[in-house]
Each structure stands twice: as C-alpha cells, then as structure tokens.
There are 2 protein chains.
Amino acid sequence: MKKQAKFIAVLIIILFGAMTHVVNAQRPASADAAARHRKAHEHEIMAEYTELLSIPNVASDKQNIRRNAQFISKMLERRGVAVRLLEHEDAPPVVYGEIRTPGATRTLVFYAHYDGQPVEPAKWVGNEPFKPILRSASLEAGGSEIPLPEKGARFNPEWRLYARSTGDDKAPILSLVTALDALKHDGITLTSNIKFFFEGEEEAGSPHLEKIVEKYRDLLTADAWLICDGPVDQTRRQQIYFGARGVTGFEVTVYGPKRELHSGHYGNWAPNPALMLAKLLASMKDDDGRVLVKGFYDGIEPLSETEKKAFADAPDNDSLLKKELGLGWSEGGGGRLIELINLPSLNIRGFSSASVGATARNVIPSTATASIDIRLVKGVDHQKSVDRVMEHIRSQGYFIVESDPDDQTRLKYPKILKVVRQGGYNASRTSMDLAVSRQVITALESAYGRIIRMPTLGGSVPLYIFTDYLKAPAIGIPIANHDNNQHSSNENIRLQNLWDGIETMAVLLTMK
Amino acid sequence: MKKQAKFIAVLIIILFGAMTHVVNAQRPASADAAARHRKAHEHEIMAEYTELLSIPNVASDKQNIRRNAQFISKMLERRGVAVRLLEHEDAPPVVYGEIRTPGATRTLVFYAHYDGQPVEPAKWVGNEPFKPILRSASLEAGGSEIPLPEKGARFNPEWRLYARSTGDDKAPILSLVTALDALKHDGITLTSNIKFFFEGEEEAGSPHLEKIVEKYRDLLTADAWLICDGPVDQTRRQQIYFGARGVTGFEVTVYGPKRELHSGHYGNWAPNPALMLAKLLASMKDDDGRVLVKGFYDGIEPLSETEKKAFADAPDNDSLLKKELGLGWSEGGGGRLIELINLPSLNIRGFSSASVGATARNVIPSTATASIDIRLVKGVDHQKSVDRVMEHIRSQGYFIVESDPDDQTRLKYPKILKVVRQGGYNASRTSMDLAVSRQVITALESAYGRIIRMPTLGGSVPLYIFTDYLKAPAIGIPIANHDNNQHSSNENIRLQNLWDGIETMAVLLTMK
C-alpha cells in the first residue's frame, strides 16, 4: 500500500507539472512583456503612482479633482493616447482617450474612476490620506512603515502602498498606462480599438453619468465596456463579474400616540409603535432570511448553465468568512454566499424608536422608524419591488401615507405607516456566453489559469447605463485586494495586486 | 310629548338640586373653613407659595435643596409644628414635623417631596423655572402672562401659576400649612396625631429613602401614610389611589456580524440583528398587546369587590384620550385604561440599530438593541418577571450573556443576546376595605361627592417602603391638574386645584 501511495503521489506531481506547463505554454506574450517591464521599472512605476495619489480627489473638491483629470490626461498623452475632457455642467470632467488600432474590428472601453471617497484624516494611522507611504504588511497584520527600497532593489510584492484611492480606483489607470509602456517596449500590437472613460464622481453616486453618456453617445460606441473597479476574491484569485445588483431603498415610520406617554399610566392601552414596527418587520422575512413579501422573487431571470457552472469553480470562502465575522450561522438555508447574491434581498439597514442606553426613559414611543434597502437582480424592477413591499404592508392592516398624518387620518386608521421612497436602479447582467465574454475569459485564463467568474457582484454599480442604455456588454475587471479598506480610512493596495493589474491590462489590450 | 319632556326636565332639576343639597348638607365644617380662609387670603397664600417656588430645588443642587428644607421648616414652625431635619449621609434632609393631638388615637403621616425634576430653562416659554408667573390659562390653550390682581381682588381659579414644582410636588406642602391656618382660625381641632415627611430627592429616584426610613423607624409609626403626590383625573374630579405599580427594566442587544457589512455583498447570507430583534420583540406580545411570555400574568393578586366596584364609579375618559393622543385604536381588547393598568405590562421604551434618516447606510447592522420596561402589579415580583422574559428569550433559541460575547461564544451559538438588568421594586396596594381607607374615602366624599378611587396608579411609586417595610397602609392623595406638565418644561398648577388641595388637607386633618 505504501508503494502504491508513493506512486500515486508521484503521478499527481507529474500531472500537475504538465498542467502547469500547459498553462504556461499558453501564457500570452503580453503578460510576460508586462511582467518583464514591471520588474525592470518598479521604481518609476511607483513614482508615477505616488504622484497621482498625491492629488486630493474628493469629487466635491472642484479644483483638485480637475488637477487629477489634467494629470491623468498627461499620463495618457505621454503614451500616445488621443485625449479630451468630456465636460458637463458642474460635473468633474470625464477623461476620455482613444487609441485607433489599424485593422481592429473590435472596440473596448476601459472604465475606471479617478475620484475617491471623502477622507477623515484623523482616522488614518501613520500617514495623511494624500501622502502615500509603504508598509511591510497590512496595518491589521502589524505592518510598519518602510522606506522605498534602494535604486535597483526590488519591491516585496506583499508590501502595501497606503493612500486614498490606491485600491479604489486609481490602480486600473496606472495599470493601463504601464501596460501600454510594456507592450510598446516589446513591439506587441494591440488587437482592439481602445477607449478610456475615467469618471470623476463615482463615489458621489455618478449623478451625471447618464447625462454624460447621452451627451457623448457618439463617442462611446463599443463592443464591450470593461469596468475596472472593485476588489478581487478573498483568496486573492483573479475574479471578473458580469453584472451587478440593482438597488433601491425606503424608510417607514409607524405612529403611536402624538406624544411620548408615561409607560406606567398608559401601558397596556396605548399602542406602542416600536412593537407594531417589530411585528411588521418580522412579517417581511422568515427566520432564515427569506422574504415573505408576495411576488418578491417573481420574474427573476434564471441563470444560464454557464453561470451555474461558474459557481462550481469559485472557491468556498464561507467558513472562513463566518470565522472572521464572528457568525455562528448564516441565512439562506446554508446556501453559499456567491449563489445567494443572485437573489434579490431586503435588508433592515437600521431602525430607531425613542432611546436606548443612558437616555432611555420609561415611555411609550410616539413613532418608530426603519430604513430598508432592497438589492435587485436581473428581471426584477426596483420600483415594482417596493410596490410589492407596500402591498405587503397594506396586507398587514396599514394605511400608507407619504407625510405625517393629520388628526383626522390618525383617528380614522388604527395602523398608519409613512413611507419615504428613495431612488434606485435595476440590476444588469451580461451573458458569459457572448463572444466578447468568452474572449475576455479565455484571455485572462491564459495568463492566470482558472479565474473566478461571478454572474453578478453583490454590490450595486449602475451597469445598466452601459448594458441597457448603450446596449453594450459590460464586464467587471477588479484589481484591488479585498482587504484594501476601500471607502474607509487606511486604504491601501497590495503591490502584487498592482503588478497583476498591469499584466491583466496588457492581456486585455492584446486579447484575441 | 313636549309637556312630558318638560316635566321630566323639571323633575331632573329638582332631584339634582336635592342631591346637591344632600352632599352640601354633609359637607364638613373644615372644608368650609378652608374655603372661607382661602377666599380671604388668596394674596398671602400666593405670596408664600411664590417665595417657596423661587428656591431652586433640583436634588443635586445641595445648597439650594437645603435652603428649601429650611424654608419649609420655618413654614411649619410658624404653624406650631415641632420640626426637625432627618439627616442621612449625602441625602437632602427630610423635613419631619409632628403635631400631637390630645386624645387622638390615630396617627397619619403626610408624605410629599420638595425637590423637583431638573430644568432646561431654554425650553420654558416666558419665564425661568424658578421665577413664577401667572397665566390666564394654560400655554397650550393660548394663555398669556398676567399681573397679580390688585389687593383685594380675587384670583380667577382657571388661572395658572407657572414654575418648577408648582404641581409636582410643592402644592401639598402649601396646602397643608394653609389648611392648618384655616382650622386654627375657626378653632376646629384636629382628629389625629399628624406627622409630616417631606422628602428632598424623590425626583432623583429616592436613593436613600429606604435607609432613612430604617434609620428613623421609631419616629415613623403611623396608622396610615398619605402620599400627597401625582395628578388628579383628566376630568378634574378628585381622585385617590391605594397602590402603585412596581417597575423594573432591562436592555437587550442582539448580535450580527462583528462589523457592519455591505448589504449588497453580504445580504441574504449574513444574519441581520435588527431583523432578529424585531422577531424576538414580536414574539413577546400579541397584536393586541397581551404579553406572550409564559407565566407573565401568574400570581396576580385579584382585585376585591370594592376595588372592582370603584371602576364603575370612575369616569370613562378613554374616547377623549384617544382623540387627544391621535389614536385610532387601543390595546387590551377595547378594555378600559383604568382597568388595564391593574395588569403587569411589558413596554418597548426604545430600540436602535445602525442608522435611519439622513445617516442611513446600506449596511447589515452589527448589533440591535432594545430597552424594555416592565410594570408590576401586586403579587408579581419584579425580578421573577425579568427571569420569565429571559426564559422566553431562551425559548426563542437565544444564548444569553451579560457582556459582549467573545469570538468563541460567537461561533458556538447562532443566536446570542446580551441583557443588562436594571434595579426595580414591587407593586404595592392597600386595601380599600381597611378602616382607615374607608375613613379617608368617607371624609373626601363628604366634601366632594363621589370621588374616583383607583386600586392602583399606573405609574410607579415606591409605596412598598411604607406598606411592606413599615407595614402601614399608604393612600395616594393627588392635588395637581393632570395637564400640569410635570417633569417637563412649563410646569404649572391650575389655581382651582391648589384651592381644592387646601380643602382636601383640611378635611383629612379633621376626618372622623
């Protein structure tokens, strides 16, 4: 038995080596060119990135946001890209660039955003948000600040660069221009017409994106949009996504007595709006998190066989995540997170009634409020979903109003609920079976081996602007490490992710 | 028919006149003496009250609270009362006084408190809390400030005096000393030995009351404690109460992920503590407000026939209250408020999870907290009641902790709830059938006709200190109007309530 085991082990090693060899044999020249170029120019690449990161980039900071746009324009122009700024009213300009490739029949648009989330400098440890520093590891893992390596010495790929937007979302911009340098150096020609569309107000909710896209529609024809944003998988494996969930939300307020009442003098008699709201919320979902609102899951566009197959290839991080998050269980009947995000969700994002803690008083509250968000998947309309929840609320005996009820309304209806609806947009999903989808998958897998293909991101990105409005496929290409602290203080990028990003862009720029 | 109606109307008038006459015929001389004296000395009475109200009386204001005690001591001494201050550690002194009545075999203690709720001067309209002013009516009814009437002119009984503690609880102190003046003027002798016990930290929760009562136990022997505190009925009819509900409370926190999570990336998978708490709270009570916790209503001491009969005599204010409070329904199966407060209650006094309104974010909250108070009735222990709720929570699958759970606990138990219990005390109820109870009822009804007899107050007062610890009956004698804004800004007393208070005290000081 021992001999047999040894034989099997050796066989496995041989087979694995062969497989690796096969993968390596297919590895595109562009990826190798990118890797070689990066190794030779790490100091220059980091210097250019540091300069870009040093320009404050909060969308509302008009002057600096324009400095970013101008700096990025110059970065592109240095690589021979024809650049213009797409202006619209008060919006930060979109940095738009074009590379026409002789003979190319395919046009790809690379989308990224150069603005970042607002910053709270007091919460940053060791550096200011726009003064990048290197660390030996993540802050959470005890990394400490380190100086730049000496000229000629290499950067350790596990080091991290700390500054706002290192991960979200200047990394793709740096990766793209560096990939162009590498390809040029090795004389590798592009295979598509390339457009760049770098937005400056994504973190502010892209309030003008639809208008800008409409205004410059003629410039934006393309066979696919590559949305370079978001983090890769927790296992650090390369991942791409073909959709994003839509989102909407609303806030409900339930009414009790017109003023807070003494709980002793009026308890058992005056209705308590906190209890009423608790019962209403409890009626919306079962213990396992399944939404009980009638029709909530109606119309979901089923996943294709290709999409279902993609789940099987994705790593199962759920146990790891539960441990990290201190969770003794998960909703969804023990289903996998990656699959569960392909269903719409209804989430209580907060509730409030009177006071808790030191300021709690023995009162029957006057009102109770809950704030709810809904995530949509392909086939489910955001407004219709909220309508269904409203219908559910009515079925629980509530009269729905849109502003605080007057005395007459209060006396007429026992149970009154005010709703304030917010805006929203629908989910979007590009088929993995499209030619361009297969081309992207094939290209990346030739460089990385099996990649993770997500039918949808759990989060919401207004991909519908590209897929539904411009009628173009949209595929998400993330670069940043998952633990990049995006949107928070101490944002960072792991250098290996940046290095990988350069190869990823080189591969996409030259894909078959 | 018209003639017949006229006849009936005349008959009613005659009968009503006769009834009124009967009541007036029994009206005690002490009540008339009090009324005559008050009419003749309104200006002096108001001057003395205004002076008393001008001394700030927040329990924590050591210097001023002692000034109150000294001022009240002098008020009593001027009426021949033997006064001493009962001192205990850091507590404001209790103003204690005695009148020995030759031949009297009964001893009554009049309890009141001279401290008031903390004040927020910015919320007072038109005067500072310790600078009393007169208004032509309540602020809510559009009353405006008016000057004192000229010397010799009468005060309109619907006028109101605005200042902290006008209603809660300096009114009984003024009423008592004025009643003593009136009785002395008419040479009417007292019928009981009288003790005064005026506390100085009731609004701070009477933290030393039990200790003080223990320390001065020998002084405090009595046949009954008359607790002069609280408001009269909303119809302004005289009301007395024979008990008060006990009270306790606790706060529960339910745990979700260790940090707030992106609702898109983790929704449908990560448990939402706000939903969990909503379901838990919903499980505690039915739609009609009845508590579903097993054993919650066990052990309730049943009401006597006399107590049940008292309900029949009480006015039904429920419809009026619903209108005032903007309520289209009430809990308790349409039962009367006055009866429903004779059951224990469980009230959500507040809840909170993440944020609502402008600061709401699309997150799965990390925790959700609810604060709950329980009111007890006679026969139900406050600690046992909380124990029963904890048992209920366990039956819903929760593991209960008393501090934030560590990682190991989090992973071991799917549903974890932290409880923080607060102190509390039990309900107290004195029988209406005791001799002294009947004497108080008879005395007051001889002055006012049918009075409202409440087996219990809805609110909580630590009457158990008198009834259970000192083993003395305790009967509540309120004076203030129900709409006196007690505990809030713009506290006031309606002058007729103050005038009635003087008569009430005169009647009690001389009751058979």
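All of these numbers come straight from a predicted model, not from anything done at the bench.

A.B. asks: I would appreciate a short explanation of unusual backbone geometry in the present structure.
C.D. replies: Outside of glycine, negative phi angles account for most residues, and trans bonds account for most peptide bonds. Following D168 of chain A, the chain continues to D169 of chain A via a peptide bond in cis, the omega torsion being 25 degrees. Tracing the backbone shows D169 of chain A in the loop between β6 (160-162) and α5 (171-185). Positive phi, normally seen in glycine, also occurs at E89 of chain A, with a value near 40 degrees. Along the polypeptide, E89 of chain A turns up in the loop between β1 (82-88) and β2 (91-99). For S165 of chain B, which is not a glycine, the phi torsion comes out positive at approximately 75 degrees.

A.B. asks: Hey, could you run me through the interface of chain A and chain B in this one?
C.D. replies: Interface size is commonly expressed as the accessible area that is lost once the parts come together. Chain A puts 82 residues into the contact, and the matching count from chain B is 82 residues. Of the roughly 6,800 Å² buried between chain A and chain B on both sides combined, carbon and sulfur atoms contribute 59%. The three residues of chain A that bury the most area against chain B are N268, W269 and F351 of chain A, which together make up 15% of that side's buried surface. Along the contact surface separating chain A from chain B lie 4 salt bridges. The salt bridge involving D287 of chain B is made with K279 of chain A; its shortest N-O contact spans 3.8 Å. Inspection of the chain A/chain B interface yields 43 residue pairs in polar contact (both at pLDDT 80 or more). Residues that form the side of chain A that touches chain B fall into these classes: 37 nonpolar, 26 polar and 19 charged. Pairing analysis gives 5 bridges linking strand β13 (residues 345-354) of chain A to strand β13 (residues 345-354) of chain B, with the strands arranged antiparallel. By the bridge assignment for β13 of chain B, S353 of chain A is matched with F351 of chain B.

A.B. asks: Mind showing me how you'd approach the pairing of β2 of chain A here?
C.D. replies: Consecutive residues of a regular strand have side chains that alternate between opposite faces of the sheet. All names here are of chain A. The element β2 is extensively covered by neighbouring structure, given that 9 of its 9 residues are classed as buried. Alignment of β1 against β2, held across 6 bridges, turns out to be antiparallel. Within the sheet, the bridge partner assigned to L85 lies in β2 and is V95. Linking β1 to β2, which pair antiparallel, is a turn of 2 residues; within it E89 sits at a positive phi near 40 degrees. Two strands pair when backbone bridges link them, and β2 and strand β7 (residues 193-199) are joined in this way by 5 bridges, in the antiparallel orientation. Looking at the pairing, I99 lines up with I194 of β7.

A.B. asks: Would you explain the environment of T221 of chain B in this entry?
C.D. replies: Residue and element names in this part refer to chain B. Assignment of secondary structure puts T221 in the loop between α5 (209-215) and β8 (224-227). With relative accessibility at 51%, the residue T221 sits in the exposed group. Apart from the residues within four sequence positions on either side, T221 is in contact with T107 and K195.

A.B. asks: Sorry, what's going on with the confidence of the model for chain A here?
C.D. replies: As a note on interpretation, predicted positions should not be read in detail where pLDDT is low. Residue and element names in this part refer to chain A. The pLDDT averaged across chain A works out to 93; a share of 95% of its residues lies at or above 70. In this model, residues 1-24 is a region of pLDDT below 50 whose contacts with residues beyond four sequence positions or in other chains number 2 contacts. For this predicted complex, the interface score ipTM comes out at 0.86, alongside a pTM of 0.86.

A.B. asks: Where do I start with the relation of the copies chain A and chain B in this structure?
C.D. replies: Note on the chain copies: they are related by a rotation about an axis and a translation along it. Overlaying chain A with chain B gives an RMSD of 0.2 Å, the required rotation being 180 degrees about an axis along which the chain moves by 0.2 Å. Interpreted geometrically, this transformation is the action of a two-fold axis. Looking at the interface residues of chain A, 100% of them are also at the interface in chain B, so both copies use one shared face.

A.B. asks: I tried to follow helix α12 (residues 382-395) of chain A on my own but got confused; where do I start?
C.D. replies: The α-helix advances 3.6 residues per turn, and as a result positions three or four apart in sequence lie on the same side. Residue and element names in this part refer to chain A. For α12, built from 14 residues, the straight-helix expectation of 20 Å at 1.5 Å per residue is met to within 8% by its first-to-last C-alpha distance of 20 Å. Within α12, burial applies to H382, S385, V386, R388, V389, M390, H392 and I393. G397, located one to two residues past α12, shows a positive phi value of around 95 degrees.

A.B. asks: Quick question: what am I supposed to make of the pairing of strand β3 (residues 107-113) of chain B here?
C.D. replies: Residue and element names in this part refer to chain B. Where burial is concerned, most of β3 is hidden: 7 out of the 7 residues are buried. Residues T107, V109, Y111 and H113 point to one face of β3 and L108, F110 and A112 to the other, with burial holding for every one of them. The pairing of β3 with strand β7 (residues 193-199) spans 7 bridges and is classified as parallel. Among the inter-strand pairings, H113 is bridged to a residue of β7, identified as E199. Sheet analysis places β3 next to β8, joined by 4 bridges and oriented parallel. What sits directly across from F110, in β8, is L226.

A.B. asks: Is there a simple way to explain the domain arrangement of chain A in this structure?
C.D. replies: Residues and elements named next belong to chain A. With domains assigned, chain A is organised as domain 1 (24-244 + 427-509) and domain 2 (247-300 + 343-421). Inter-centroid distance (C-alpha atoms) of domain 1 to domain 2 is 41 Å. Taken together, the contact pairs 7 residues of domain 1 with 5 residues of domain 2. Taking both partners together, domain 1 and domain 2 bury about 470 Å²; carbon and sulfur atoms supply 49% of that area. Considering only the side of domain 1, the residues that lose the most area to domain 2 are A427, R429 and S460, jointly responsible for 78% of the buried surface there. At the surface where domain 1 touches domain 2, the tally comes to 0 salt bridges. If you look at where domain 1 meets domain 2, you find 1 residue pair in polar contact (both at pLDDT 80 or more).

A.B. asks: Would you take a moment to explain the environment of H37 of chain B for this structure?
C.D. replies: Residues and elements named next belong to chain B. Checked against the element boundaries, H37 lands in helix α2 (residues 29-53). Judged by relative accessible area, H37 falls into the buried class, the value being 13%. Sequence spacing of H37 and T359 is 322 residues, and the spatial spacing of their C-alpha atoms is 61 Å. Not counting the four nearest positions on each side in its chain, H37 is found in contact with T178, D181 and A182.

A.B. asks: Looking at this structure, how should I read the sheet that holds β6 of chain A?
C.D. replies: Where strands meet in a sheet, backbone hydrogen bonds hold them as pairs that are either parallel or antiparallel. All names here are of chain A. The 4 strands are arranged β5-β4-β6-β21 in an open sheet whose pairing can be described as antiparallel. Single-partner strands in this sheet number two, and they are β5 (145-146) and β21 (492-494). Pairing analysis gives 2 bridges linking strand β4 (residues 133-135) to β5, with the strands arranged antiparallel. By the bridge assignment, L134 is partnered in β5 with I146.

A.B. asks: In this structure, what is going on with the pattern of salt bridges? I would like to understand it.
C.D. replies: Charged atoms that come close allow side chains of opposite charge to pair. One pass over the structure, following the stated rule, counts 62 salt bridges over all chains. Among the salt bridges present, the one from E391 of chain A reaches R394 of chain A, with a minimum N-O distance of 3.2 Å. In this pair, E391 of chain A and R394 of chain A are both assigned in helix α12, 3 residues apart and thus about one turn of the helix distant. One salt bridge connects R429 of chain B with E307 of chain B, and the closest N-O pair in it is separated by 3.2 Å. Here R429 of chain B is found in strand β18 (residues 428-429), whereas its partner E307 of chain B is found in helix α8 (residues 305-313), with 122 residues between them in sequence. E307 of chain B sits in the buried class, given a relative accessible area of 4%. Overlapping salt bridges bring together E48, R78, R79 and D181 of chain A as one network.

A.B. asks: In this structure, what is going on with the sheet that holds strand β6 (residues 160-162) of chain B? I would like to understand it.
C.D. replies: All names here are of chain B. Strand order in the open sheet formed by 4 strands is β5-β4-β6-β21, and the pairing between neighbours is antiparallel. The open sheet terminates on both sides in strands that have one partner only, identified here as β5 (145-146) and β21 (492-494). Sitting on the sheet, helix α15 (residues 495-509) is in contact with β4 (133-135), β6 and β21, with an inclination near 70 degrees to β21.

A.B. asks: In this structure, what is going on with the packing of helix α8 (residues 273-284) of chain A against α12 of chain A? I would like to understand it.
C.D. replies: When two helices pack together, you describe them by how their axes are tilted relative to each other and by the distance separating the axes. All names here are of chain A. Running from N to C, α8 and α12 cross one another at 125 degrees; their axes reach a closest spacing of 11 Å. By the angle between their axes, α8 is oblique relative to α12. The crossing of α8 and α12 is right-handed. Side by side, α8 and α12 meet where L280, S283 and M284 of the first sit next to V389, H392 and I393 of the second.

Rules used in this analysis
- Residues numbered from 1 in each chain as written.
- Chains lettered and ligands numbered in written order.
- Predicted model: local features only at pLDDT ≥ 70, side-chain atom pairs only at ≥ 80, totals over all residues.
- Heavy atoms only, no water.
- Helix = DSSP H or I, 4+ residues; strand = E, 2+ residues; numbered from the N terminus.
- Contact = heavy atoms within 4.5 Å.
- Buried area = accessible area lost by both parts, 1.4 Å probe.
- Salt bridge = Lys/Arg side-chain N within 4 Å of Asp/Glu carboxyl O.
- Polar contact = N/O pair within 3.5 Å; in protein donor to acceptor, adjacent residues only side chain to side chain.
- Nonpolar A, V, L, I, M, F, W, Y, C, P; charged D, E, K, R; others polar.
- Pairing = 2+ DSSP bridges.
- Buried < 20%, exposed > 50% of the residue type's maximum accessible area, 1.4 Å probe, protein only.
- pLDDT = per-residue confidence, 0-100.
- Least-squares fit on C-alpha atoms with pLDDT ≥ 70 in both.
- Expected span 1.5 Å × (residues − 1).
- Domains from an automatic or database assignment.
- Axes fitted to C-alpha atoms, helices over the stretch in contact; angles between N-to-C directions.
- Parallel < 35°, antiparallel > 145°, perpendicular 65-115°, else oblique.
- Left-handed = near helix turned anticlockwise from the far one by under 90°.

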